[in-house]
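# Commentary on secondary and tertiary structure
Residues per chain are reported as follows:
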Amino acid sequence: LGAPSFEEERSMVDVGALEAVHVDKGDDEQSPTADQFFEIIDFLLGLCSALHRYGLPTHRLEYEISWAAQSFGIEATVAVFPAYISAMFRKKHSMNSYTYNLAVEYSWNLEKLDLVDSLAIKVAQHKLSLTQGILGLRKIQARPPRYPGWLRLIILTLVSIILTPLFYNGGLIEMGLAGVCGF
């Protein structure tokens, strides 16, 4: 269908020519300023929501958000449920914490999951600024599906028809019913 290759898609996540403003993660004694702290939280909440929405397993999501937070010099604790995320953030060596609760829908999009993951790694390694990361997340979320709805509908119907005799030893009647259910 003339779709770009996987590597071309990955390179399309360019968030523009914004000047990179990196947050200095410093040593354990330094922590981000208040403005940086809340910008980090905005990015991490968007990242958490996107990774969960696109299908990242719960145990990896909790680990990756904690890892990303540590790269910015803050602590994060994340609890993930099927349609709900609770996240707590605090500066290192601080008693004040900020808890956020997010309602999340699934869309199971592995292409967007990979794009969000590579964007998160670039931001956590300070190759992109937080502002660029937030804009990148918005661009990825706004992308239309790779294939049009009518094509996905036809493919689901065909897969239902084809799998009926293979896995369920079904005949023509069962194949027809599976095709209707797939439609």
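Going by the structure above, here's the rest.
Report on the accompanying structure. (Residues numbered from 1 in each chain as written. Predicted model: local features only at pLDDT ≥ 70, side-chain atom pairs only at ≥ 80, totals over all residues. Heavy atoms only, no water.)

With that settled, consider the pairing of strand S3 (residues 98–103). Where strand S2 (residues 84–91) lies against S3, six bridges are found, and the strand directions are antiparallel. Counterpart to Ile85 in the pairing with S3 is Leu102. Taken together, S2 and the strand that follows it, S3, pair antiparallel across an intervening segment of six residues, in which His93 is found at a positive phi of about 65°. (Pairing = 2+ DSSP bridges. Helix = DSSP H or I, 4+ residues; strand = E, 2+ residues; numbered from the N terminus.)

Evaluation of the coordinates by the stated rule reveals six aromatic pairs. Aromatic side chains Phe37 and Tyr98 sit 5.6 Å apart centroid to centroid with 55° between the ring planes, which places their arrangement in the tilted category. Of the two residues, Phe37 is situated in helix H2 (residues 34–53) and Tyr98 in strand S3; the sequence distance between them amounts to 61 residues. Accessibility expressed as a relative area gives 33% for Tyr98, which makes it partly exposed. (Phe/Tyr/Trp six-rings, centres within 6.5 Å; stacked < 30°, edge-to-face > 60°. Buried < 20%, exposed > 50% of the residue type's maximum accessible area, 1.4 Å probe, protein only.)

This brings us to the nonpolar core. One finds Leu44, Leu47 and Phe89 to be the most contacted residues of the largest nonpolar core, which totals 37 residues. Counting only elements with at least two residues in this core, the list comes to H2, helix H3 (58–71), strand S1 (74–81), S2, helix H4 (110–124) and helix H5 (130–142). In terms of residue count, the dominant contributor to this core is H2 (ten residues). (Core = buried A, V, L, I, M, F, W, Y, C linked by side-chain atoms within 4.5 Å.)

Residues Ile74, Ala76, Val78 and Val80 point to one face of S1 and are all buried, whereas Glu75, Thr77, Ala79 and Phe81, pointing to the other face, are not buried. Examined bridge by bridge, S1 and S2 share eight bridges and lie antiparallel to one another. Paired with Val80 across the bridge in S2 is Ile85. Turn length for the S1-S2 hairpin, with the two strands adjacent in sequence and antiparallel, is two residues.

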